[in-house]
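Chain and residue survey
Chain by chain, the residues:
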Amino acid sequence: MKSKKDVMISPKKKNVFFREMKENRILYLMCVPALLVLILFCYIPFAGVWMAFTDFNVVDGIFGSPFVGFDNFKYFFAKNSMGWKVTYNTLFINFFGIILGLIVPISIAVFLNEIRSKIFKKLTQSMMFFPYFLSWVVVGAIIYGFFSTDVGVVNHMLSYFGVKPISWYSKPQYWKAIIIFANVWKWSGYNSIIYMAAMANFDHSLFEAAKADGANKLQCIINLTIPMLKPTAVVLTLMSIGRIFYGDFGMIYGIIGNNPVLIDEVTVIDTYVYQSMRTLGFSYSTAIGLFQSVMGLILVTIANKVSKKINDGEGLF
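Residues numbered from 1 in each chain as written. Predicted model: local features only at pLDDT ≥ 70, side-chain atom pairs only at ≥ 80, totals over all residues. Heavy atoms only, no water.

Moving on, we come to the overall build of the protein chain. Broken down by element type, the protein chain carries 16 helices and 0 strands. In summary, the protein chain has a C-alpha radius of gyration of 26 Å against a globular reference of 20 Å for 317 residues, an excess of more than 25%. Overall, the protein chain is about 100 × 75 × 35 Å in size when its C-alpha atoms are taken along their principal axes. By residue count, 34% of the 317 residues in the protein chain fall in the buried class. The long-range share in the protein chain, meaning contacts at least 24 apart out of those at least 6 apart in sequence, stands at 62%. Accessible surface computed for the protein chain: about 20300 Å², of which carbon and sulfur atoms make up 70%. For the protein chain, the separation between the mean place of its 28 positive charges and that of its 17 negative charges on side chains is 6 Å. (Helix = DSSP H or I, 4+ residues; strand = E, 2+ residues; numbered from the N terminus. Rg over C-alpha atoms; globule rule 2.2 N^0.38 Å. Buried < 20%, exposed > 50% of the residue type's maximum accessible area, 1.4 Å probe, protein only. Contact = heavy atoms within 4.5 Å. Areas by Shrake-Rupley, 256 points an atom, 1.4 Å probe, with all protein chains shown as cover. Lys, Arg positive; Asp, Glu negative; His and termini not counted. Charge placed at Lys NZ, Arg CZ, Asp CG, Glu CD.)

Dropping the structure here:
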């Protein structure tokens, strides 16, 4: 006798996988190169994570090096280590970068959307988008032109108002704010285009109905535009939270360089990994990289669950 399970599962359902592969074989074949690249450069290197738990040396190799357990992680979070400092710097810069990187692009997109002159709108949008194409080295040179002690624009303005010039490059307390501002300035124009693309798909009949009911532009923005931008903002914010433990190596070195007075104040995990790789070896650097990845995964998972509760079930996954 056939069991109840065999009766319920038809042969057609058993062969659904092979039928799918046969019917769409061309599409799956087109995916093969991308899958090979993914396997070669994303999954096979996972074996290198083992270095985080060893005292790696080239002679013994990854799996032959002495196993040290969590010693590399313990050293990173020791009291006399830079671990806590660089983690705080990374989270501080990224947190305010995420907040301002959400508010400023949305504001730019909303204002550009309200401009009726097409020429002025395109010109303004191009100017906003231009910083995205600048490398951090160029941005660092621009910032130097503003904050240089002798020829800086900011000090000339302070002198004009009777304020004593500030030696910016010897005052570490100002540079977290400067770096956050530079990061937001560089990326806001690019991110605003994403929000403008989302606004292009809005149902304009809702705005017409709101205007017919007597709503002004500000009320339309607050009650229609911003709520409809929420799903896009949630997805972009979740993606940013996933990388909150990652600092922008190019940004820090492009703006600060090797200035020993400022570097400790703005050193992030990525720049610390670079310095550690040259002095403390690959095992310690791999441990820090693994810590970044695990914490990013935990944070994005928690943020995704929270966003589903406050955003009507919408999240990244």
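This paragraph deals with the side chain of Ser-188. Mapping Ser-188 onto the fold places it in helix H10 (residues 175-200). Excluding residues within four positions of it along the chain, Ser-188 makes contact with Val-104, Pro-105 and Ile-108.

The next point concerns the packing of aromatic side chains. Counting across every chain of the model gives 36 aromatic pairs. Geometrically, the ring pair formed by Tyr-75 and Tyr-284 is edge-to-face, given 5.3 Å between the ring centres and 70 degrees between the ring planes. With Tyr-75 in helix H5 (residues 71-76) and Tyr-284 in helix H16 (residues 282-310), this pair connects stretches of sequence that are 209 residues apart. Owing to a relative accessible area of 42%, Tyr-75 belongs among the partly exposed residues under this scheme. Chaining the aromatic ring pairs together yields one cluster made of Tyr-75, Phe-76, Phe-77, Trp-84, Phe-245, Tyr-272, Tyr-284 and Phe-291. In this structure, Lys-186 is placed above the aromatic ring of Trp-187, and the distance from its NZ or CZ to the ring centre is 5.1 Å. Between Arg-243 and the ring centre of Tyr-246, over which it is positioned, the NZ or CZ distance is 4.4 Å. (Phe/Tyr/Trp six-rings, centres within 6.5 Å; stacked < 30°, edge-to-face > 60°. Lys NZ or Arg CZ within 6 Å of the ring centre and 35° of its normal.)

Before going further, it helps to examine the environment of Gly-64. By the element assignment, Gly-64 lies in the loop between helix H4 (25-43) and H5. Sequence spacing of Gly-64 and Thr-54 is 10 residues, and the spatial spacing of their C-alpha atoms is 8.9 Å.

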